[in-house]
Amino acid sequence: MIILYLILGIFIATIGAIPLGAVNLVVINASIKENIKKASSITLAAGIGEIVLAFFALHCSMELSDFFRENQWIQILFITTFFIVGIYFMSLAYNNNHQNRLQSPIKLSKSKFLTGFSLAVLNPPVIIYWILAISLTNKYIFTLTAQNPLSSLLLFFLGIYVGKIGTLYFYSKWGSKMAQKQEGSKTKFHRITGVALILISVFQSIKFVVE
C-alpha cells in the first residue's frame, strides 16, 4: 500500500511537467546552446522546486485556493505573460529565417541551479495544479495530508522528484537532438514554442472567462 504514494507522486508530477512551460523551455534551450549535462543542473533544481510547491499545496490547499480565487489578477498576469513571450518566440523564428542566425530565446543566469529552482517555484499555475491534484487524490483515491506517516510522505515527495526530473530529461534529450540537426530546426523550435505559449494563453483566457 505504501508504494502507492511513490507511484502517485511520479504520476502527478509527470502529468504536470509534460505541458510546455517556462522550465521546459529553459531546459530545451540549455541543451541546444550547451549540452544535456549543463541542462541537468536546471532539471535537478526544478525537481526540488516542484517538491516545495507540492509541500505548500499539501499544507495550505484551502488557503491557497481561496487566495488565487480572490486575486484573479495573478491569473491575468500569467495569461498576459505567456502571450507576450509566445509573440517574442514567433518574432525570433521570423528573424532567424531572414538573418540566418540563432538568438537566445531565454537568457540563462550564471547559476543554472538557481534558474531552475526559481522558475519552478515562482509559477502560480503549478501551485493551482497541485492544489487540484491533492484535492482529487483526497476525494477519489486516499487521504493525503500533512498528517500522513512520514514514510509515506517521503515516498510521495520522492515520486514527485523522479517524475519531474524524468520528464525534463526527455525534454533535454529533445533539445540535444535538435542541436545536432541543421540550423533550421532551431527556427522550428522557436516557432513551435511561440505557438504553444500563445495557445496556452488563449486556453487559459477561455477558462478564466468561463469560470
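Computed from a predicted structure; not experimentally measured. (Residues numbered from 1 in each chain as written. Predicted model: local features only at pLDDT ≥ 70, side-chain atom pairs only at ≥ 80, totals over all residues. Heavy atoms only, no water.)

**Re helix H2 (residues 22-33)**
Filter applied, for reference: Only DSSP runs of H or I covering at least 4 residues are called helices, and only runs of E covering at least 2 are called strands; the numbering of each starts at the N terminus. Working rule for helices: expected span equals 1.5 Å times residues minus one. Burial classes follow relative accessibility: with a 1.4 Å probe on protein chains only, a residue under 20% of its type's maximum area counts as buried, one over 50% as exposed, and anything between as partly exposed.
Between its first and last C-alpha atoms H2 spans 16 Å; for 12 residues at 1.5 Å apiece the expected length is 16 Å, and the two agree. When you tally the buried positions in H2, you get 10 out of 12 residues, the bulk of the element. Turning to H2, its buried residues are Val23, Asn24, Leu25, Val26, Val27, Ile28, Asn29, Ala30, Ser31 and Ile32.

**Observations regarding the environment of Leu153**
Quick reminder of the rule: For this analysis, residues touch if any pair of their heavy atoms sits within 4.5 Å.
Tracing the sequence through the fold places Leu153 in helix H7 (residues 150-180). Sequence separation between Leu153 and Gly9 is 144 residues, and the spatial gap between their C-alpha atoms is 9.5 Å. For Leu153, the residues in contact, after removing those within four places along its chain, are Leu58, Leu144, Thr145, Ala146 and Asn148.

**Looking at the nonpolar core**
Applicable threshold: Residues belong to one nonpolar core when they are buried, are Ala, Val, Leu, Ile, Met, Phe, Trp, Tyr or Cys, and are joined through side-chain atoms within 4.5 Å.
Counting residues in each nonpolar core, the largest one holds 20 residues, and the members touching the most others are Trp130, Leu144, Phe156, Phe157 and Ile160. At the level of secondary structure, the elements contributing two or more residues to this core comprise helix H1 (3-17), helix H3 (36-70), helix H6 (124-140) and H7. Excluding residues that lie within four positions of it along the chain, Phe156 makes contacts with Tyr5, Leu6, Leu8, Gly9, Ile12, Trp130 and Leu144. Within the second largest apolar cluster, 9 residues are counted, among which are Val23, Val27, Ala39 and Ala46.

**Topic: a nonpolar patch on the surface**
Threshold: Each patch is assembled from residues with relative accessible area greater than 30% and no salt bridge, linking like charges that lie within 9 Å and nonpolar side chains (Val, Leu, Ile, Met, Phe, Trp, Tyr) that lie within 5 Å. Here the open area of atoms and residues is found with the Shrake-Rupley method and a 1.4 Å probe, where only the protein chains shown may cover a residue. Each reported salt bridge corresponds to a side-chain nitrogen of Lys or Arg within 4 Å of a carboxyl oxygen of Asp or Glu.
Taken together, the side chains of Met1, Ile2, Ile3, Leu4 and Ile7 present a nonpolar region at the surface, about 480 Å² in accessible area. By relative accessible area, Met1 is classed as exposed at 65%.

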